[in-house]
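Overview (structure and organization)
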Amino acid sequence: QDLFPTLLAAARVEVPGWYAPVVEGRELSPLLRGEGGPSWSERPIFWHQPHLWGVDGPGIWPYSAVRRGRWKLVHDHADGRLELYDLGLDPGETTDVAAERPEVVRRLAEELSTWIERSGARLSLRREDGAPVATARDLAR
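Summary of the structure given here.

Regarding the pattern of salt bridges
Enumeration according to the criterion identifies 12 salt bridges in this entry. Notably, a salt bridge pairs K72 with E93, separated by 3.0 Å at the nearest N-O pair. Of this pair, K72 sits in strand β3 (residues 71-76) while E93 is found in the loop between β4 (81-86) and α4 (102-119), placing the two residues 21 residues apart along the sequence. Exposure remark for E93: the relative accessible area of 28% places this residue in the partly exposed category. Look at the salt bridges and you will find they share partners, linking D76, D79, R81 and E83 into a network.

Comments concerning a nonpolar patch on the surface
Among the surface-exposed residues, F4, W18, Y19 and V22 lie close enough to one another that they form a single nonpolar patch of about 470 Å² accessible area. Along the chain, the position of Y19 falls in the loop between α1 (3-10) and α2 (29-32). Taking the relative accessible area as the measure of exposure, Y19 reaches 33% and is therefore partly exposed.

Some thoughts on the sheet that holds strand β2 (residues 63-68)
Sheets are built from strands paired through backbone hydrogen bonds, the pairs being either parallel or antiparallel. The strand order across the open sheet formed by 4 strands is β1-β2-β3-β4, and the pairing between neighbours is antiparallel. At either margin of the open sheet sits one strand with a lone partner, and together these are β1 (45-49) and β4. Averaged over all neighbouring strand pairs, the angle between strand axes comes to 10°, with direction disregarded. Note that β2 and β3 share 6 bridges and pair antiparallel. From the neighbouring strand, S64 faces β3, where its bridge partner is H75. Lying over the sheet, α4 contacts β1, β2, β3 and β4, oriented at roughly 115° with respect to β2.

Definitions and cut-offs
Residues numbered from 1 in each chain as written. Predicted model: local features only at pLDDT ≥ 70, side-chain atom pairs only at ≥ 80, totals over all residues. Heavy atoms only, no water. Salt bridge = Lys/Arg side-chain N within 4 Å of Asp/Glu carboxyl O. Helix = DSSP H or I, 4+ residues; strand = E, 2+ residues; numbered from the N terminus. Buried < 20%, exposed > 50% of the residue type's maximum accessible area, 1.4 Å probe, protein only. Patch = residues over 30% accessible without salt bridge, like charges linked within 9 Å, V, L, I, M, F, W, Y side chains within 5 Å. Areas by Shrake-Rupley, 256 points an atom, 1.4 Å probe, with all protein chains shown as cover. Pairing = 2+ DSSP bridges. Axes fitted to C-alpha atoms, helices over the stretch in contact; angles between N-to-C directions. Contact = heavy atoms within 4.5 Å.

Such coordinate-based values are descriptive only and should not be taken to indicate function.
Encoded structure:
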């Protein structure tokens with residue numbers, strides 16, 4: 001999403017006024033010039049993939065995620081699991097530390113759930129009854 005405002009800035013074009021309220025990305029030119037400050041490292045980044053993609057291969061499972069600073073929380077829609085990774089120590093996301101850091105899980109789960117609600121994104125639906133899967137907020141309680 002950051003590419004859209006970055007490309008517009010490079011072309012010296014403003015984000016259309018009617019579209020600006022829904023653009024979440026930020027223009028990356030300062031960061032690319034090495035001018036990014038601490039606000040960039042603490043800015044949340046969200047992912048949302050509510051459906052299975054690539055059924056015949058390794059694919060991508062249904063999930064939502066948020067990264068803030070060194071922490072990344074993954075909400076696995078398929079099995080209702082929350083995973084937490086310390087990307088400062090484990091950039092390959094090999095060790096889930098959710099059990100050791102429940103306060104970080106709760107904080108990021110709240111932030112992720114709020115973003116999903118605010119953006120109008122939809123969660124995956126359960127096959128059994130067609131209802132949405134539990135939110136990250138509900139799973140973190």
